Every structure is written in structure tokens, then in C-alpha cells.
Amino acid sequence: MPLIRLSGVTKSYDRPVLAPLTFEILEREFVILLGPSGCGKSTLLRLLSGIESIDSGELLLPDGLSPSVVFQEPRLLPWRTVVENVMLPFELSSLSSGRDAGRAQALETLRRVGLFDFADHYPHELSGGMQMRVAIARALVTKPKLLLLDEPFAALDEVSRFRLQEELLRLWRQTELTIIFVTHSLSEAVYLGTRHIVFSPRPARVIGDRGSALPIDERVRTASEFQREVEMLQTLQHSHQTQPTLKDGVQ
Ligand code: ADP
Ligand code: MG
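Reading the values: the criteria
- Residues numbered from 1 in each chain as written.
- Chains lettered and ligands numbered in written order.
- Predicted model: local features only at pLDDT ≥ 70, side-chain atom pairs only at ≥ 80, totals over all residues.
- Heavy atoms only, no water.
- Axes fitted to C-alpha atoms, helices over the stretch in contact; angles between N-to-C directions.
- Helix = DSSP H or I, 4+ residues; strand = E, 2+ residues; numbered from the N terminus.
- Parallel < 35°, antiparallel > 145°, perpendicular 65-115°, else oblique.
- Left-handed = near helix turned anticlockwise from the far one by under 90°.
- Contact = heavy atoms within 4.5 Å.
- Domains from an automatic or database assignment.
- Buried area = accessible area lost by both parts, 1.4 Å probe.
- Salt bridge = Lys/Arg side-chain N within 4 Å of Asp/Glu carboxyl O.
- Near = heavy atom within 4 Å.
- Polar contact = N/O pair within 3.5 Å; in protein donor to acceptor, adjacent residues only side chain to side chain.
- Areas by Shrake-Rupley, 256 points an atom, 1.4 Å probe, with all protein chains shown as cover.
- Nonpolar A, V, L, I, M, F, W, Y, C, P; charged D, E, K, R; others polar.
- Buried < 20%, exposed > 50% of the residue type's maximum accessible area, 1.4 Å probe, protein only.
- Pairing = 2+ DSSP bridges.
- Core = buried A, V, L, I, M, F, W, Y, C linked by side-chain atoms within 4.5 Å.

Draft legend 1. Here's a closer look at the packing of helix 4 (residues 128-140) against helix 5 (residues 158-174). It is the contact of helix 4 with helix 5, at a shortest axis distance of 10 Å, that shows an interaxial angle of 20°. Taken together, the axes of helix 4 and helix 5 are roughly parallel relative to one another. Handedness of the helix 4/helix 5 crossing: right-handed. Residues Gly129, Met132, Arg133, Ile136 and Leu140 of helix 4 form the contact with helix 5, whose own contacting residues are Ser160, Leu164, Glu167 and Leu171.

Listed below in C-alpha cells is the structure:
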């Protein structure tokens, strides 16, 4: 079942950022968006989250979808405890079913990301990886159908990144979540994604869109099949080289 349908979607600021984009995202997919810096990936996430609107084309989303977004920085409020940070979405929306219910749900979500024991700590007392888990808990507390992540693990050390990748996969398996995830790391892309969409340099158009050939339970980073997938994505990314300009060529 398609969850999202884009048909000829464009977006420009001073210059075109998104060329007409046409594709569908199905329910329960774990979609990885790849493409060079500045090609328009974050812009696309802002359109999907409803923070900004498209210029032309059609973007079909289910009513009341209200996706949650996780950014590269956890963006926690330093003066609030972990559980108070996770409760924030209830306070900012009309979803609130009372403070006690909100707190109970926040604690339950913290348990799912392994941070129940840190509920009353402040963000500065946690490591970067733990802060990111709080950000993910805050995104999940409202039980969204769609989770958008914009390079969420890029600032973390490798050990934390691997651990968080595994936790995110586990959360995705246990829920009905559809995930759209932006990364520059091809091995992260292969480890997590069920599908990879590769964009050209700005204005972004789709130059590759392929389902993962690796079953999710058989993703071992050191396996040759895994490396082959990484190389496949690398080739796709480089399949769109900018044409040499006149001065580079023979006159
Ligand atoms: P990516 O996330 O793929 O690195 P972005 O979506 O952040 O790319 O940006 C795509 C292009 O749009 C960039 O050239 C950027 O400078 C431009 N851009 C993004 N947001 C704005 C804005 N609010 N106003 C003007 N230009 C913007
Ligand atoms: Mg970006």
C-alpha cells in the first residue's frame, strides 16, 4: 500500500532545488535517501513533514499523518529532564491526554530505547549516543506512522552509531513504522534500508531507485554480499557525473 505519493513535485528557492519528482513510498518501507550535499534531501523531508509546501505537482499524504522528524543534533531542551523532553510533543499539540498519561507514555517509550533508568537525568549528563536515543524516543512517543531522519547518526562515534542502527532496526521491526532516512554513509544505507533512492546533484532528480538485495537478517558488514551492495550504490551515485565544461576539453 502506498503511504506517500509524489507526482511531479518541484521546489525552488532562488534556484530550482527539486526537479519534478515522481515516486511512491510504501507502508513499512525503510527508505534511504542518498545524494550529494546540497541536492535537496533535507528540503524533501521538510515537504514531507509539512513544514514547507511544494511549488507544483502533487504530494499525497494520508490525513493526519503528522510525521516525526529526527535531526543530526538531538535538539533537546537542556533545562528539562530526559522524560520531560520526551513528553514535549504532547505539550505542543492537542494530543495531550493529561500530564500523567503523557508521562506514562514517555516512560514506556524510554524503556523501549533502553533509557528508562535515565528518565530523571538532564541531557548534559548523557553521552551523544544516549541523547540521540532520547531524540528518537521523543519522535516515537506520539506513535507516528512515518518517521523522518535527517543524518541522525552522522555526528556519533562508530560504536554508538552501530548500536543505534541496530536499535532503530529493532524498533522498525516491532512497529508499523515507515522510515525515510537520509545518510551519506553507504554502509549505513545498506545495513538499514529496504530500498535506496539516489538523487542527482541539485536540482534533485531520481537517478537510482532499488530495493535491497540483502534480507534484513543477513546483513553482516564484513560479508562479501554486503560489500557488493555498497559498491553497487557507489556506482549508482557516480553514474551521474557533471559533464566536462568546454575549458576542460579540447578546443
Ligand atoms: P541537502 O540536505 O541534500 O544537503 P538541502 O535540502 O539542505 O540539501 O538544500 C538544497 C539546496 O537548497 C541548497 O542549495 C540550499 O542552499 C538551498 N536551500 C535550502 N533551504 C533554503 C532556504 N530556506 N532558502 C534558500 N535556499 C535554501
Ligand atoms: Mg541536509
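Draft legend 2. The domain arrangement of the chain, seen in detail. The domain boundaries assigned to the chain delineate domain 1 (1-67 + 145-251) and domain 2 (78-143). Taking only C-alpha atoms, the centre of domain 1 and the centre of domain 2 are 27 Å apart. Buried area between domain 1 and domain 2, summed over both chains or domains, comes out near 940 Å², and the portion from carbon and sulfur atoms is 70%. At the junction of domain 1 and domain 2, the tally comes to one salt bridge. Close ionic contact of Arg133 with Glu167 constitutes a salt bridge, the shortest N to O distance being 3.4 Å. Counting residues per element, the side of domain 1 that touches domain 2 draws most heavily on helix 5, at six residues.

Draft legend 3. Summary view of the site of ligand 1. Residues in close proximity to ligand 1 include Tyr13, Val17, Pro36, Ser37, Gly38, Cys39, Gly40, Lys41, Ser42, Thr43, Arg46 and Arg202, which together make up its full environment. Here Gly40 contributes a backbone N or O atom positioned 3.0 Å from an oxygen atom of ligand 1. With the chains in place, 63% of the 560 Å² that ligand 1 exposes on its own is no longer accessible. Here the element with the most residues in the shell around ligand 1 is helix 1 (residues 41-49); it accounts for four residues. Split by residue class, the shell around ligand 1 holds four nonpolar, five polar and three charged.

Draft legend 4. Molecular detail of the environment of Val198. The topology assignment puts Val198 in strand 8 (residues 195-199). A residue is classified by how much of its surface remains accessible, and Val198, at 0% relative accessible area, is buried. Distance from Val198 to Gln234, taken between C-alpha atoms, is 9.9 Å for residues 36 residues apart in sequence. Those residues in contact with Val198 that lie beyond four places of it in its chain are Leu34, Arg205, Val206, Ile207, Gly208, Leu233, Leu236 and Gln237.

Draft legend 5. A look at the pairing of strand 2 (residues 16-26). Strand direction decides the pairing type here: strand 1 (residues 2-12) and strand 2, joined by seven bridges, are antiparallel. From the neighbouring strand, Ile4 faces strand 2, where its bridge partner is Ile25.

Draft legend 6. Fine view of the nonpolar core. Of all hydrophobic cores here, the largest spans 50 residues; its most connected members are Phe30, Leu110, Leu147, Ile179 and Phe181. Among the elements that take part in this core, helix 4 stands out by supplying eight residues, more than any other. Composition of this core by domain shows at least three residues from each of domain 1 (1-67 + 145-251) and domain 2 (78-143). Not counting the four nearest positions on each side in its chain, Phe30 is found in contact with Leu168, Leu169, Trp172, Ile179, Phe181, Leu192, Gly193, Thr194 and Arg195. In this structure, Ile25, Leu47, Leu148 and Phe199 belong to the second largest nonpolar core, which totals 24 residues.

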